[in-house]
Amino acid sequence: MKTHVGLPASKSLLAIVIAVIILLAAVGPTLVRTPLLAQSSSVDFAKEYSSGDVQVLPYSQVWYTWISINGTHTIFLALHSTQYPSPVSAFVGESYNTSSGSWVFVANAIMAIEVYNDTDGNGILDANYATAQTELLYTIVMNASQTFQPTPVSKTSVNGVSHYRWGVTYG
């Protein structure tokens, strides 16, 4: 693999992943809010739900799931490579209108996993970094996966309520 601007190959790939995530965080709300601006021959935003791959770099694709129901739009994106171990990188965003009519976009990008000992049993990580007191045991920075297996979105109905399931498995 060639390096870019004198960076080692691993740092170049990391820089690309970070750039893609920052770009998705910046333009994701606009893409979901205004589907006409995000038209692509690979993603049909008019469908209720779909999954597939979109080529983003010569050896990288973004696997997506798109769900649009009752004015709520959800998009899931996972970067993966066709040539190299796939970076463990996922993004999910959802837009909807609140009961007061305000438009909301919430998103989450996986960058690392924190492992902690919930000593007080409250279900959240307690930390006071000023005093170095924390329940945090480890921070695991995401790296790369040898395998990448997507599960396309499927819809089921339980007692008349629609449920959507999709995902990716890194190995």
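This text follows the structure it describes.
Rules used throughout
- Residues numbered from 1 in each chain as written.
- Predicted model: local features only at pLDDT ≥ 70, side-chain atom pairs only at ≥ 80, totals over all residues.
- Heavy atoms only, no water.
- Helix = DSSP H or I, 4+ residues; strand = E, 2+ residues; numbered from the N terminus.
- Buried < 20%, exposed > 50% of the residue type's maximum accessible area, 1.4 Å probe, protein only.
- Contact = heavy atoms within 4.5 Å.
- Areas by Shrake-Rupley, 256 points an atom, 1.4 Å probe, with all protein chains shown as cover.
- Patch = residues over 30% accessible without salt bridge, like charges linked within 9 Å, V, L, I, M, F, W, Y side chains within 5 Å.
- Salt bridge = Lys/Arg side-chain N within 4 Å of Asp/Glu carboxyl O.
- Core = buried A, V, L, I, M, F, W, Y, C linked by side-chain atoms within 4.5 Å.
- Phe/Tyr/Trp six-rings, centres within 6.5 Å; stacked < 30°, edge-to-face > 60°.

The next point concerns the overall build of the protein chain. Along the backbone of the protein chain there are 1 helix and 13 strands. The order of α-helices and β-strands along the protein chain, N terminus first, is α-β-β-β-β-β-β-β-β-β-β-β-β-β. By residue count, 27% of the 171 residues in the protein chain fall in the buried class. Of the contacts made within the protein chain by residues no fewer than 6 positions apart, 35% connect residues no fewer than 24 positions apart. Approximately 10,800 Å² of the protein chain is accessible, and the part contributed by carbon and sulfur atoms is 57%.

Together, Ile113, Val115, Leu137, Tyr138 and Ile140 make up an exposed nonpolar region whose accessible area comes to about 460 Å². The dominant element in the nonpolar patch, judged by the number of residues it contributes, is strand S10 (residues 136–141), at 3 residues. Here Ile140 is to be found in strand S10. By relative accessible area, which is 43% here, Ile140 ends up partly exposed.

The topology assignment puts Ser50 in strand S1 (residues 49–57). By relative accessible area, Ser50 is classed as buried at 9%. When near neighbours in sequence (up to four residues on either side) are disregarded, Ser50 contacts Asp44, Tyr64, Thr65, Trp66 and Val153.

Glancing now at the nonpolar core. Counting 11 residues, the largest nonpolar core consists of Val43, Phe45, Val54, Val62, Tyr64, Trp66, Ile75, Leu77, Leu79, Phe91 and Phe105. Elements with a minimum of two residues in this core: strand S2 (60–69) and strand S3 (72–81). Counting residues in hydrophobic clusters, the runner-up holds 6 residues, among them Trp63, Phe76, Ala78 and Phe148.

Counted according to the given criterion, the structure contains 1 salt bridge. Here Glu48 ties to Lys155 by a salt bridge, and the two come within 2.9 Å at their closest N and O atoms. On the criterion of sequence distance, the pair formed by Glu48 in the loop between helix H1 (9–33) and S1 and Lys155 in strand S12 (residues 148–158) is long-range, its members being 107 residues apart. Among the residues examined, Glu48 registers a relative accessible area of 27% and is labelled partly exposed. Owing to a relative accessible area of 35%, Lys155 belongs among the partly exposed residues under this scheme.

Right, let's talk about the packing of aromatic side chains for a bit. Summed over all chains, the structure comprises 7 aromatic pairs. Between Phe45 and Trp66, the ring centres sit 4.7 Å apart and the planes meet at 85 degrees, which makes this aromatic pair edge-to-face. Here Phe45, found in the loop between H1 and S1, pairs with Trp66, found in strand S2; they are 21 residues apart in sequence, far enough to count as distant. Where Tyr49 meets Tyr164, the ring centres are 5.8 Å apart and the plane angle is 65 degrees; that geometry is what we call edge-to-face. Of this pair, Tyr49 sits in strand S1 while Tyr164 sits in strand S13 (residues 161–170), placing them 115 residues apart in sequence. Among the aromatic side chains, those forming a connected cluster through ring pairs are Trp63, Phe76 and Trp166.

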